[in-house]
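# Summary of the model geometry
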Amino acid sequence: MSNQFAKINNFIEDILYVDRSVEETMKIYSEWARNYNEHAEHGQFINMPKLLAREFGKLNLPKNVRILDVGAGTGLLGTFLHEIGYENIDALDGSQEMLDRAKSLNGVYRNFINALVKVGQRLPIEDKTYDVALMSAVVCPSHISVEAYGEIVRIVKSGGVIGWIKRVNEAFSKNSNEYRNGAYENLLKKYEINGLWTPINSYCPAVIENLMAGTNGEIYFMRVI
Ligand SMILES: C[S@@+](CC[C@H](N)C(=O)[O-])C[C@H]1O[C@@H](n2cnc3c(N)ncnc32)[C@H](O)[C@@H]1O
């Protein structure tokens, strides 16, 4: 393991994946925006947007679907989606500094929304605006809480798709209650039980071997009811 790889992964495990307010997390990203992409390569988390885009492509949705990249960051997912022909994409992020990096990509995204996905907070987006909402590397402690997914459901059309990629819960459980003892799965199940969405085919979730730092990942795709 290279020194830089170890340093980035220690930072992620011990500092990033710790239960705190999402506003505090935004401060980390505002500082991190400048060299995030370099770290994404070295720390292997570039695999997340790459694989989510690849699996999304397999759903064979029309190329003009309107997509919201939730927690778009510097725009890595948008870039990979563009490469497979999806160009009607908006970026949402709680960090203006990260969004500015996505803006500098010129043409990957159409609109930029600086907002937080947070329990009890309404996003500045009308109901049923998007065909698709995707979340890459934002389902983790102190990022987008499973309890806040209802806001994402609200802004996606009936029949639309919500998809995300995350590391397995064991990668998060050291410093986070949300990912311990089945808490995440129990809360997630409620969306299905309450008739808000239904899992798509084999993505409930699909396991991705060795997603990053020797741990597996999971991809979920849900169809909004
Ligand atoms: C690990 S980065 C992932 C960026 C991008 N999705 C990717 O795959 O490269 C997480 C991003 O999500 C944003 N973010 C985290 N929690 C958020 C929240 N609750 N609401 C809005 N943005 C959030 C951060 O500001 C950061 O830009």
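Residues numbered from 1 in each chain as written. Predicted model: local features only at pLDDT ≥ 70, side-chain atom pairs only at ≥ 80, totals over all residues.

## Brief notes about the overall build of the protein chain
- When its secondary structure is counted, the protein chain shows eight helices and eight strands.
- Here the C-alpha atoms of the protein chain give a radius of gyration of 16 Å, agreeing with the 17 Å that 2.2 N^0.38 yields for 225 residues.
- Along the first, second and third principal axes, the C-alpha atoms of the protein chain reach 45 × 40 × 30 Å.
- Put simply, the protein chain has 225 residues, and 37% of those count as buried.
- Summarising the internal contacts of the protein chain: among those between residues at least 6 apart in sequence, 70% fall at separations of at least 24. (Helix = DSSP H or I, 4+ residues; strand = E, 2+ residues; numbered from the N terminus. Rg over C-alpha atoms; globule rule 2.2 N^0.38 Å. Buried ≥ 20, exposed ≤ 12 C-beta atoms within 10 Å, placed from the backbone. Contact = placed C-beta atoms within 7 Å.)

## A few points about the UniProt feature "domain: Methyltransferase type" (unreviewed entry) in the protein chain
- In the numbering used here, UniProt assigns the "domain: Methyltransferase type" (unreviewed entry) feature to residues 68–162.
- Secondary structure over residues 68–162 splits into 24% helix and 26% strand, and the C-alpha atoms at its two ends are 10 Å apart. (UniProt positions renumbered as here; feature names shortened; annotations may be inferred.)

## Section: helix H6 (residues 96–103)
- Buried residues of H6: Met-98, Leu-99 and Ala-102, and no others. Viewed end-on, H6 has its buried residues packed into an arc of 100°, placing them on one side of the element.
- The secondary structure elements touched by the buried residues of H6 are helix H2 (22–32), helix H5 (76–83), strand S2 (89–93) and strand S3 (112–114). (Arc of directions from axis to C-beta.)

## Here we look at the site of the ligand
- The environment of the ligand is made up of 24 residues, and the closest members are Gly-71, Gly-73, Gly-94, Ser-95 and Ser-136.
- Only H2, helix H4 (47–58) and H5 provide two or more residues apiece to the shell around the ligand.
- For the shell around the ligand, the leading source of residues is H2, giving four residues.
- Among the residues making up the shell around the ligand, the classes are represented as 15 nonpolar, seven polar and two charged. (Near = placed C-beta within 6 Å. Nonpolar A, V, L, I, M, F, W, Y, C, P; charged D, E, K, R; others polar.)

## Some details on the nonpolar core
- The biggest cluster of nonpolar side chains holds 60 residues, and the ones touching the most others in it are Val-70, Ala-133 and Leu-134.
- Excluding residues within four positions of it along the chain, Leu-134 makes contact with Leu-52, Phe-56, Ile-67, Asp-69, Val-70, Leu-77, Gly-163 and Trp-164. (Core = buried A, V, L, I, M, F, W, Y, C linked by C-beta atoms within 7 Å.)

## A short note on the pairing of strand S7 (residues 206–212)
- In this structure, S7 lies alongside strand S8 (residues 215–224), joined through four bridges in antiparallel fashion. Bridge assignment links Met-212 to a residue of S8, and that residue is Thr-215. (Pairing = 2+ DSSP bridges.)

## Details of the pairing of strand S5 (residues 156–167)
- Counting buried residues in S5 gives nine out of twelve residues, a clear majority hidden from the surface.
- The sheet contact formed by strand S4 (residues 130–136) and S5 spans six bridges and is parallel. Counterpart to Tyr-130 in the pairing with S5 is Val-156.
- For the crossover that starts at S4, traverses helix H7 (residues 149–155) and ends in the parallel S5, the hand is right-handed.
- Looking at chain direction, S5 and S8 are connected through seven bridges and run antiparallel. (Right-handed = clockwise from strand over helix to strand, strands pointing away.)

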